[in-house]
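Observations on the three-dimensional arrangement
This is what each chain is made of:
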Amino acid sequence: MRIDVLTLFPEMFSALDHSILGRATRKGLLDINVVNIRDFSKDKHKKCDDYPFGGGAGMVMMAQPVCDAFDSLGLDGDVMRIYMSPKGRKLTQSLVKELSAYRQLVLLCGHYEGVDQRALDLNIDMEVSIGDYVLTGGELPAMVLIDAVSRYIPDVLGSEQSTVDESFSDNLLEYPQYTRPQNFRGLEVPEVLVSGNHQKVDEWREKLKLEITMKNRPDLLEKKE
């Protein structure tokens, strides 16, 4: 999968050079192209924002550099163009799976008070929010989306089962996990997990998933019905 990111702060995306995503990129499983919107500004100081028409607090990202940045990509075919915005569709596991089916994603990171609406009207297919709160820019939400979607790219995680046995895969939260040692500071691993009885282990995990979801996210159980 190819993911293009349009941002005023490309240096923030150096975080994606590490861990699982960094390894996936080096293996050629994932192609992340970060585009600096400032490179397309026609202002001698590379300014990309201006005061909003109608007045109001803050500044607004100008349409021209954003549109020129999109134009530089020469997009066609199976591409989804996304604006990271608190006004957008909430990022859920089902949306993550939906987005992972595309050949290419393009993510626009807003800043300041937002982006000139004309740039969005001309370029954006979908607005996506990572939650009901406001951040200083779209860079962190874009990284969240990239991380979540990349997990569905074949061979990125190493085990395809990893995207099955996890929270939200069936509208339930994940069961607790344990590893060695069997006793740590007086706390024992549940006996069923060392019993060797795989049926009992599966039953225990399903029971715990239900209990944890009921306690922490009962709203998910309503969706499951």
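In what follows, the structure referred to is the one given above.
Everything numeric here is computed off the predicted structure, so don't read it as measured data. (Residues numbered from 1 in each chain as written. Predicted model: local features only at pLDDT ≥ 70, side-chain atom pairs only at ≥ 80, totals over all residues. Heavy atoms only, no water.)

**Quick notes on the pattern of salt bridges**
To keep things clear, this is the line we draw: For this document, the term salt bridge refers to a Lys or Arg side-chain nitrogen within 4 Å of an Asp or Glu carboxyl oxygen. Exposure is judged per residue with a 1.4 Å probe applied to protein chains only, and the accessible area is read against the type maximum: over 50% gives exposed, under 20% gives buried, and values in between give partly exposed.
All told, the structure shown has ten salt bridges when counted by the stated rule. A salt bridge links Arg2 to Asp4; the nearest nitrogen and oxygen atoms lie 2.8 Å apart. Of the charged contacts in the structure, one is a salt bridge between Asp116 and Arg118, with a shortest N-O distance of 2.6 Å. Judged by its relative accessible area of 16%, Asp116 is buried. Residue class for Arg118 comes out exposed when judged on its relative accessible area of 51%. Here the salt bridges share partners, and the residues they tie into one network are Arg2, Asp4 and Asp31.

**Details of the packing of aromatic side chains**
The test is simple: Note on aromatic pairs: the rings of Phe, Tyr and Trp (six-membered ring only in Trp) are paired at centre separations within 6.5 Å, and the planes decide the class, stacked below 30 degrees, edge-to-face beyond 60, tilted for the rest. Criterion for a charge above a ring: Arg CZ or Lys NZ at most 6 Å from the ring centre, at most 35 degrees from the ring normal.
Tallied over the entire structure, the rule returns zero aromatic pairs. For Arg38, the ring lying beneath its charged end belongs to Phe9, and the centroid distance is 5.3 Å.

**Some points on unusual backbone geometry**
We apply this condition: By the criteria applied, helices consist of DSSP H or I runs no shorter than four residues and strands consist of E runs no shorter than two, each listed in order from the N terminus.
A cis amide bond links Arg180 to the next residue, Pro181, at an omega of 5 degrees. Considering the arrangement of structural elements, one finds Pro181 in the loop between α5 (139–150) and β8 (183–184). Here Tyr112, not a glycine, exhibits a phi torsion of approximately 60 degrees, which is positive. Mapped onto the secondary structure, Tyr112 falls in the loop between β6 (104–109) and α4 (117–123). At Asp155, a position not held by glycine, the phi torsion is positive, near 80 degrees. Mapped onto the secondary structure, Asp155 falls in the loop between α5 and β8.

**Brief notes about the nonpolar core**
Spelled out, the test is: For this analysis, a nonpolar core means a set of buried residues of the types Ala, Val, Leu, Ile, Met, Phe, Trp, Tyr and Cys, connected via side-chain atoms within 4.5 Å. The contact criterion used is simple: two residues touch if any of their non-hydrogen atoms lie within 4.5 Å.
If you look at the biggest cluster of nonpolar residues, it comprises 30 residues, and the most contacted ones within it are Ile82, Leu99, Leu105 and Leu145. For this core, the secondary structure elements donating two or more residues are β1 (2–7), α1 (19–26), β5 (79–90), α3 (93–100), β6, β7 (126–129) and α5. If you tally residues by element for this core, the top one is α5, at six residues. When neighbours within four sequence positions are excluded, Leu99 is seen to be in contact with Met1, Met80, Ile82, Leu105, Met126, Leu145 and Val149.

**Considering the packing of α3 against α5**
Quick note on the threshold: The axes are straight lines fitted to the C-alpha atoms, using for helices just the contacting stretch, and the angles between their N-to-C directions are given from 0 to 180°. Reported orientations rely on four angle classes, namely roughly parallel under 35 degrees, roughly antiparallel over 145, roughly perpendicular from 65 to 115, and oblique for the rest. In this classification, Asp, Glu, Lys and Arg are treated as charged, Ala, Val, Leu, Ile, Met, Phe, Trp, Tyr, Cys and Pro as nonpolar, and every other residue, Gly included, as polar.
The N-to-C vectors of α3 and α5 enclose an angle of 75 degrees; their axes lie 9 Å apart at closest approach. One way to sum up the angle between α3 and α5 is to call them roughly perpendicular. Where α3 approaches α5, its residues Val96, Leu99 and Ser100 are matched on the opposing element by Leu145, Ala148 and Val149. Split by residue class, the contact of α3 with α5 holds five nonpolar, one polar and no charged.

**Points about α3**
Counted only if it meets this: Directions drawn from the helix axis to the C-beta atoms are what define this arc.
Residues of α3 that are buried include every one of Gln93, Leu95, Val96 and Leu99, and no others. Down the axis of α3, the buried side of the element spans an arc of 160 degrees, and every buried residue falls inside it.

**Considering the side chain of Ser41**
Mapped onto the fold, Ser41 is located in the loop between β2 (31–36) and β3 (49–50). Ser41 has contacts with Lys46, Lys47, Cys48, Gln64 and Pro65, leaving out every residue within four places of it along the chain.

**Examining the sheet that holds β6**
To be explicit about the condition: Paired strands are those between which DSSP finds at least two bridges.
Sheet architecture is open: five strands sit in the order β2-β1-β6-β5-β7, paired in parallel fashion. If you trace the sheet from one side to the other, it starts and ends with β2 and β7, each paired once. Between one strand and the next, the sheet's axes are offset by a mean angle of 30 degrees, whatever the strand orientation. Across six bridges, β5 lies against β6 in parallel orientation. Bridge pairing links Val79 to Gln104 in β6. The sheet contacts of α3 involve β5, β6 and β7, and relative to β5 the element is tilted by about 165 degrees.

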